[in-house]
Structures are given as C-alpha cells and as structure tokens.
Amino acid sequence: MLLKAAPTLLRICVQTAIKPPAFYLSAGVVSSRDPLCAQHKGRLFSVSARSLKNNKRKSLWQQFAERRNMDGNTEELLAPLRKAVKEQGDLVRQLKEEKAPAVDVSKAVAELKARKRVLEAKELALQPQDDIVDRPKLEDTLKRRFFYDQAFAIYGGVSGLYDFGPVGCALKNNIIQLWRQHFIQEEQILEIDCTMLTPEAVLKTSGHVEKFADFMVKDVKNGECFRADHLLKAHLQKLMSDKKCAAEKRAEMDSVVTQLDNYSQQELAELFVKYNVKSPVTGNDVSPPISFNLMFQTCIGPGGNMPGYLRPETAQGIFLNFKRLLEFNQGKLPFAAAQIGNSFRNEISPRSGLIRVREFTMAEIEHFVDPNDKSHPKFQSLADLELTLYSSKAQTSGQSAHKMKLGDAVEQGVINNSVLGYFIGRIYLYLVKVGVSPDKLRFRQHMDNEMAHYACDCWDAETKTSYGWIEIVGCADRSCYDLTCHARATKVPLVAEKPLKEAKTVNVVQFDANKGAIGKAYKKDAKLVMEYLAICDECYITEQERLLNEIGEFTIETEGKTFKLTQDMVSVKRFQKILHVEEIVPNVIEPSFGIGRIMYSIFEHTFHVREGDEQRTYFSFPATVAPYKCSVLPLSQNHEFVPFVQELSEALTRNGVSHKVDDSSGSIGRRYARTDEIGVAFGITIDFDTVNKTPHTATLRDRDCMRQIRAEVSDLPSIVRDLANGVTTWAEVETKYPIFEGQETGRKETTEE
C-alpha cells in the first residue's frame, strides 16, 4: 500500500513541510531502529539478534509501520495529509456539481484516491508496532503444518491455486458450518446449490462477458504475461527512484501513476511506448496491452456449440432461480436465499497467498425486499451494536474511521436503510465469532465513483493485516438491476405480487409497437422484437424514448441478435389503470463473503508467539472453529494409559468432539507445543494419577492461558463439548473444578501395587 502511494507521498510531504520517512529517502532499507524492549517477569530484556536479523526480511511497509514516532503528536503529523484529502474531496464534489467533463472528474478522483492511500499509509505507520504480525514466521508455520500449500507443488506449482491440508480443511469447514448456523439457520434463509458451469448468455446479460476484464501485456519472446497497469506502475516507480531523474520528469510520471485506473487501452499502449517498458524478468519487449477477460472459458457439450464459463461468482444462480424460490416462499416478500461454493477468476498476476487467487470459496446471500419498504423487523435488536464505520464522507474529508452505533448510522443516513444496517451488524458478529479481531475490523463505505451505477449503497468489511486493509466481505444494496436484466433477456417476468389494501390508480409507460413496420423490416424475427418490447420496464423505456427523440432510433439485443428500431416502428404510450394487486421487482441486499480472505485474516489475528520463547508459536482460534477441539495425550508410552486413551477417544467421538490423539514418544511439553501450533483448543492429559486413583481423573488444559484443571474422566468429554460449542467458558470451568498443580503419584507406586 505504501509503495502504491509512494510518489504522491513524497509530493504531499514536500507540499506540507513534513519530513518524509528516512527509509523512503534512502535506498529503501532502514539501517537502524529504535531500541525495542518487552516486559518479562518484572524485568526488561532486549530483542535477540535473531529477531533483528529476521526483521531484515520484513516488507518495506512493515518496517515503516514498525517505526516509532518520537517527534510530536500523531494528529499533528496527520493534519496536513487530512487537509490534502479534504481539499481534493471538495474539488471532486465541485466538479460534479458543475458537471465538468468526465475526464476532469476522473483525474480528480484518481488524485483523491492517491491522497487517501497516503493518509492511510501514514495512519498505519503511526500505530503501535506490536500490531503487525511476523508474516515470514506465520507463513512458515502455515506451510510446515500443512494448513495449505501451493497446488501441484511437485510439478513446480501453479500460482493462484492452493490445496488445503487436514488442518486447513477442518478450519475452513468449521468456518463455513458456523456461517450456515449464523445466517441460514438463525435467519431462516433458503439455501440452494447451483452448477459452476454457466452458459455465455447468462454472463453476457449480467455484464461479466463485456466488463469483467483487465488489460494485459506479454513478453514477446517467452509469452510471460503481466497485468498492464501493475507493470507500468512498477516501471515508473523504478524510474522515479533514480536520483538522476529530473523533478519535472518525476512529477510527470507521478501524475501518470495516480491516474492509472482511468487510462484506455490505447492510452496505456502509448504510455508503454513512451516510457520504453520492458519485461522485468527478461528485459524483452512486451506486446501492446490487450483486454483479458478474467473468466475461465469452456464449451458445454462435445459439439462446442454452447460456449460457457466457470462462474465468477455464486450470485447469478440465485437470481436465475428467483421465481422458484418465491414460489417456495409462498409468494411472500421479504425472503433471502444463499449459496456456498467455489468461483473462478483467471487472475493475470495472483499474489498475496489466499488474498488473490484463481479459485476460491464464496458464501453469498441475496435478500429480496420490497423497494418501498426497506425496514428490517429485527433491526432494533442490533441498533445499539457499536462498530467502526469509515463513511464515504469521512474518506473524502480526510477523517478517520470512527465507532458508531448501528441505530445512529441508519437514523442519520450514513447507512442507507435498516435492512442493509441489519446485515452489516450480523456480518460483524459473525466475523468476531470466527476469530477476526474487533480492533482490526472496520466497515468502509464505497464512494460514489466506486459504486456500480445501479447500487444504492455499498459497504466492505475490511480487516487490517500485514498487507494493509483488505476487503473480506462486501454488503451492497444492488437495487433491482440483476432481476431486471435477466427478465429482459429471457422475457420471463421476475416479479413479486403485492396485494393492495385499497385499489389504486397508477401511471403506465409502455412501448407502442407498429407490428406492420417491424414485420416488414425483420420478418420472422419480428416476434422476438415484439416479445422484447412487451417486457421492458419504465426506466428502460424512458431511456430509449430519449434516444428516439434525439437521434430517431435505438437498438435492442435479444437472443444474440441486434435490431435497430426507428420512430416509424415504435413509440411510447402513457396511460393510467386501476390496480388491486401490484407487481414489483424486488430490490436485493447482497452480503458476499470471501472465505479464503476471512481465513487469512483469522490466521494473522490469532497468530501468537509464546512469551519468553519466540520459537513456540500458536493460533488462538475460537474453540467453535478450531480444527480440532481437543487433543488426548498420554503422559508417556506406558501401556497402562492405553485403555484410558481409548475410552476418552470413543467418548469424545460420541459427543461430536473432533480430537487428535498424540501418543508419540516426545515429552509432554513438546506435544503440547505441537498441538498449540495447529490451534487445538484444549488438551486432555492422562497421567499416573489417572491410573492410580479412583475415581479416575485426568487433566484438561486450555491452549491460550496454559492453565489446567482436573476432572473425572467420564466428565471430560461433555466439558470439552460445551466449551467447543460456546455453552460454557474456561473461566466458568475453572470455578467448578480444582486447578491442577502437579501429579501426586508416579509409576513406582503403580508397580508396587
């Protein structure tokens, strides 16, 4: 993130008389750091040489984020950057109000985004250094314990594709199961499971075929592909870092970087030629940019006559089954449908582990609601929930995200409606429940230029990670766009009927087709045109009427054919009619969850190093999602422990508790460390007191605090079950059972008996 905004950071620092970070002005490496210290058993100790050595491997962003600010108040440092953002935000609003040319607005918006990135990077840099995870150590643990690894590794691997190991698979399944319980069961949502293969016509209607693309360039000799905007940005940043680069040239390239999102294919091609961009790997020339659709294309059936794609999202299957779902719900609104499954995006340059991949699991909800009644009956139950909101207004004014009650946010219009507000609250509760840290979670509202033209409001749940803030859940009010598009394309009305208490008179807008003129022009295809015109909605008709009046014609596309309609073929008629039942196209509130991104956030937020032993790491997964709820550990390989191990394992299975038996020869401390490292929540240890005393007892250990209690063997499975299901807490268990201080008998006593 810091690198992304580096040129603008330097410029704003100069403009606002802020001294840029030392590492930015140097070769990019921090040569010295403030002394680090930590409290340990009442005395201070310095970080080991190994720790300092490991720090050299940390990213530039991490080094910046870990630097302590010793030269003034944080807000004083941020004030000039906030002012820069606010000034640019005011300019964007002014340009829109004055209806300035689109190119000027786009340029101003690009600069606003760049200034926002600078402000956010500085805010992150000034936050406590212990807020950042040791990513190399985390990634080493994830790979070594086979949470997940690159797919097809023995063949060299394929970027953007990952296989989950036993621990990662169990964690992922638990996260999904808790999602089902939290949303589908508690909200009585209708779950469906649709095919991943999608005909081209469906995705053409949804806009994915035309718009779901990025610009790409290729190495002309070896064919290696690069995303065009990323390659151009990296090349320009390299040129700007050269001390010989003139200030005027640096400013010019800086301007290009800030506007990269706005360049057309031709403009990008010209920039590649102007700045002589080469392949960063081989130094070879690269091809001109081409548009690359991010969907995986295929053919359905052996004849190859039906083009299709692997779905880029799960939502379209729900929209296409709306009519059946409405019937299942007895024709009543509101209702919600959900789907969990894999989606596919052929990323040009996948990176950052599970954050940007080519195959990923999504969990999506489509909540269908009356557009005239966007109120949720259960919203008041969450109205007092306080969470961190980063509104569009705050972003364009240079303000920070701040805590706010959901009820206040809806009442003040920060969040568009209570249905959207309710789902934002439910998303927050779910994410915290599965292990996302509330202190590293915020909801960021899309700015006007980010939202799709049909969306009313859109918020992203974002988590703070070592990569910066990343989106893990989107929650959007998509209005009626999807249902309207599919209804128009298929001529199937995707509407709900709403009985009226009293009959009402409504204005109707319809196309008035001249059958003779259309029949003469299009003969056997005239029926297609007539059917299409009959199902068009008022908004579409009004837009086409404008074209008729301005240029005398408009075009329609149906069943793969395009037809031009002129004023002699079609007109628009308006009239009134009395309704007793009203047909409405429902609006859609869509929470969309990226399971892989949620998992990665949980990994970072729950990863810890044991105090006093930096080689011992562990994951503090909530017990409800921990891959294994419990371990069963005999103190040694003594054969007298075997019956108790078997008894406990069978009892845990009967209680539905996933567990792992570790009867290897390692010391009990080493085996504790192994189970902690994969996030096993609790551990049962069978020792000589278990064998020697009656009633038979064993110890139960909590992973996070490492304290143990002693309880009867027959009670332990139900205790672990209740802990794993959230019925009870460890603190409550400690009040009911004696704390384990040490073993009272040993092997010798058993032998003597």
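Residues numbered from 1 in each chain as written. Predicted model: local features only at pLDDT ≥ 70, side-chain atom pairs only at ≥ 80, totals over all residues. Heavy atoms only, no water.

Draft legend 1. Inspection of the overall build of the protein at higher detail. Looking only at helices and strands, the protein has 29 helices and 30 strands in total. Excluding contacts between residues fewer than 6 apart, the proportion of contacts in the protein whose partners are at least 24 apart in sequence is 70%. Total accessible area on the protein is roughly 37300 Å²; 50% of this is exposed by carbon and sulfur atoms. (Helix = DSSP H or I, 4+ residues; strand = E, 2+ residues; numbered from the N terminus. Contact = heavy atoms within 4.5 Å. Areas by Shrake-Rupley, 256 points an atom, 1.4 Å probe, with all protein chains shown as cover.)

Draft legend 2. Examining helix H5 (residues 74–97) more closely. Over its 24 residues, H5 extends 34 Å from the first C-alpha to the last, a length consistent with the 34 Å expected when each residue adds 1.5 Å. Taken as a whole, H5 carries its principal kink of about 30° at proline 80. The first or second residue beyond H5 is lysine 99, which carries a positive phi of 55°. (Expected span 1.5 Å × (residues − 1). Bend = angle between axes of the 7 residues up to and from the residue.)

Draft legend 3. Spotlight on the sheet that holds strand E9 (residues 290–293). With antiparallel pairing, three strands are arranged side by side in an open sheet as E8-E7-E9. Edge positions in the sheet fall to strand E8 (225–227) and E9, since each of these pairs with one other strand and no more. For this sheet, the mean angle separating the axes of adjacent strands, direction not counted, is 50°. Bridging between strand E7 (residues 213–218) and E8 involves three bridges; their strand directions are antiparallel. The residue of E8 that forms the bridge with methionine 216 is arginine 227. Lying over the sheet, helix H11 (residues 228–240) contacts E7 and E8, oriented at roughly 80° with respect to E8. (Pairing = 2+ DSSP bridges. Axes fitted to C-alpha atoms, helices over the stretch in contact; angles between N-to-C directions.)

Draft legend 4. Structural detail: the nonpolar core. Judged by nonpolar contacts, the single largest core of 94 residues is most densely connected at Trp179, Tyr430, Leu431, Phe603 and Leu700. Counting residues per element, this core draws most heavily on helix H18 (residues 418–434), which supplies ten residues. If you look at the next biggest cluster of nonpolar residues, it comprises 21 residues, including Phe511, Ile518, Cys536 and Ile556. (Core = buried A, V, L, I, M, F, W, Y, C linked by side-chain atoms within 4.5 Å. Buried < 20%, exposed > 50% of the residue type's maximum accessible area, 1.4 Å probe, protein only.)

Draft legend 5. Spatial organisation of empty space enclosed by the protein. The tally for this structure, following the rule as stated, stands at two cavities of 30 Å³ or more. Counted as a void, the second largest cavity has a volume near 40 Å³. As for the second largest cavity, its lining consists of Ser631, Tyr672, Thr675, Asp676, Val680, Ala681, Phe682, Gly683, Arg701, Asp702 and Arg703. At the level of elements, helix H25 (668–677), strand E28 (682–686) and strand E29 (697–702) are the ones that each hand at least two residues to the lining of the second largest cavity. (1 Å grid on protein atoms, 1.4 Å probe; cavity = no way out; pocket = protein on both sides within 12 Å on 5 of 7 lines; lining within 4 Å. Points joined across faces, edges and corners; volume = space filled by probe spheres on them.)

Draft legend 6. Representation of the sheet that holds strand E10 (residues 297–300) in the model. In spatial order, the strands read E6-E11-E10; together these three strands make up an open sheet with antiparallel pairing. Every other strand in the sheet has two partners, leaving strand E6 (197–199) and E10 as the edge strands with one partner each. Taken pair by pair, the neighbouring strands of this sheet meet at an average axis angle of 45°, ignoring direction. Summarising the sheet, E6 and strand E11 (residues 306–310) pair through three bridges and their orientation is antiparallel. Directly across from leucine 197, in E11, lies its bridge partner leucine 310.

Draft legend 7. Examining a nonpolar patch on the surface more closely. A cluster of nonpolar side chains, contributed by Phe152, Ile154, Tyr155 and Val158, occupies part of the molecular surface with about 530 Å² of accessible area. Overall, phenylalanine 152 belongs to the partly exposed group, its relative accessible area being 49%. (Patch = residues over 30% accessible without salt bridge, like charges linked within 9 Å, V, L, I, M, F, W, Y side chains within 5 Å. Salt bridge = Lys/Arg side-chain N within 4 Å of Asp/Glu carboxyl O.)

Draft legend 8. A look at the pattern of salt bridges. This model, assessed by the stated rule, comprises 40 salt bridges. The partner of glutamate 186 in a salt bridge is arginine 426, with the nearest N and O atoms 2.8 Å apart. Taken together, the residues glutamate 186 in the loop between helix H8 (166–185) and strand E5 (190–191) and arginine 426 in helix H18 connect sequence positions 240 residues apart. A relative accessible area of 39% means that glutamate 186 is categorised as partly exposed. The exposure class assigned to arginine 426 is buried, which follows from its relative accessible area of 9%. Measuring nitrogen to oxygen at the nearest pair gives 3.7 Å for the salt bridge that ties aspartate 676 to arginine 616. Of this pair, aspartate 676 sits in helix H25 while arginine 616 is found in the loop between strand E24 (607–609) and strand E25 (617–619), placing the two residues 60 residues apart along the sequence. Since its relative accessible area comes to 2%, aspartate 676 is described here as buried. In this structure arginine 616 comes out as partly exposed when scored by relative accessible area, which is 27%.

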